[in-house]
Amino acid sequence: MHLSKHVKLLGVLALSSLALAACSGGDPLASTSEGASTSTGDSANNSPIVVGSQDYYSNEIIAEIYAQALSAKGLDVKREFRIGQREAYIGEIESGKIDLFPEYSGPLLRYWDKESTATTADDVLTALKATTPQGLQVLSMAPAADQDSYTVSKAFADKWGLKNLSDITKVTDPITVAANSELESRPFGPKGLKEATDVEVKFTPIEDGGGPLTVKALKDGTVQMAIVYTASPSLAENDLVSLNDDKGLFTASNIVAIGSTDLPEEAVTTINEINSKLETDQLIQMNMKSVNDQLPADKIAEEWLSTNYTN
């Protein structure tokens, strides 16, 4: 009985001590909470730079170049690659979930400003900087471009004497154009082509971004023109001809990096240096290594960096 009363007394004293500590602001739970908050802040300050890429092999290679270059500077990097097309990832960039992303100047400008009339590389860059949402910055523009283009087979070009886009007025046979279904509603799609050249074309969707199915359709004559990127290795390998855009239908599509304004200065400097060295012919060669040699993006990026970037 005496032992039981003693234990109860100790319990009361212990509870009283905790109550006094709480009144004096010395609550250990409050102290822990403050410590956790401080730790979270430190973690946020030291959080990795999230580098993203489109679901497009060429874009992934550029993103991997960025990631490896930043890692070599001692910066912590997290990769979020192959996350879809512009409609899927722009929200992630705008919300700050992705810190750095290789983009294409003209198409990105048209995404943010559908009414923009800028077409040349410099004008597009100026307009892009003016329309970029708050919290984001446009890093330097690379000489390298991966441009949408109306493409034909060499046999079709030779038959009708096609070199420039305006030359399609010479074609007296019906023309069917192939591309991803989005082309039908884009400014440089069939309606834009009609306005620029007064040539009416039919449209058939082929959903491979100018890939093997599109190339096959051009070669076997199922379609006469198609959208194929100018840095695609399939152009030279399949005797395809990109028609010179003498009508200014497409906007310049140079590689630019979109980044958070919170990026460390060293990261911004590094990416600007990378972009200054990235040329179109190099991009084509890297794309060939991906498509033909089936090399992974990290290996291609490593080879480019060892040859072109030694800082």
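See the structure shown above.
Residues numbered from 1 in each chain as written. Predicted model: local features only at pLDDT ≥ 70, side-chain atom pairs only at ≥ 80, totals over all residues. Heavy atoms only, no water.

## With respect to the pattern of salt bridges
What counts here: A pair is scored as a salt bridge if a Lys or Arg side-chain nitrogen falls within 4 Å of a carboxyl oxygen belonging to Asp or Glu. Counting from the N terminus, the helices are the DSSP runs of H or I reaching at least four residues and the strands are the DSSP runs of E reaching at least two. Residue burial is assigned from relative accessible area. The probe radius is 1.4 Å, only protein chains are included, and a residue is buried under 20% of its type maximum, exposed over 50%, and partly exposed in between.
Per the counting criterion, the structure on display carries 11 salt bridges. Here Arg 79 and Glu 64 are joined by a salt bridge, their closest N and O atoms 2.9 Å apart. Residue Arg 79 is found in strand β2 (residues 77-80), and its partner Glu 64 is found in helix α3 (residues 57-72); the two are separated by 15 residues along the sequence. In this structure Arg 79 comes out as partly exposed when scored by relative accessible area, which is 37%. Overlapping salt bridges bring together Asp 55, Glu 60 and Arg 82 as one network.

## Some remarks on the packing of aromatic side chains
The condition that has to hold: Any pair of Phe, Tyr and Trp rings, taking the six-membered ring for Trp, is counted once the centres come within 6.5 Å. Such a pair is stacked with planes under 30 degrees apart, edge-to-face with planes over 60 apart, and tilted for the rest. Here, a charge over a ring is recorded when the distance from Lys NZ or Arg CZ to the ring centre is within 6 Å and its angle to the ring normal is within 35 degrees.
Inspection of every chain in the model, using the stated rule, returns five aromatic pairs. Ring centres 5.2 Å apart and planes at 70° place the aromatic pair Tyr 56 and Tyr 57 in the edge-to-face group. Classification of Tyr 56 as buried rests on a relative accessible area of 12%. With centroids separated by 5.5 Å and ring planes inclined at 50°, the aromatic side chains of Tyr 150 and Phe 250 adopt a geometry described as tilted. One end of the pair, Tyr 150, is in strand β5 (residues 150-153); the other, Phe 250, is in the loop between β9 (240-242) and β10 (254-260), and 100 residues separate them in sequence. Here Tyr 150 matches Phe 250 in class, with each residue buried. Members of the aromatic cluster, connected to one another through ring pairs, are Tyr 56, Tyr 57 and Tyr 229. Above the ring of Tyr 111, the side-chain terminus of Lys 114 is found at 5.6 Å from the ring centroid.

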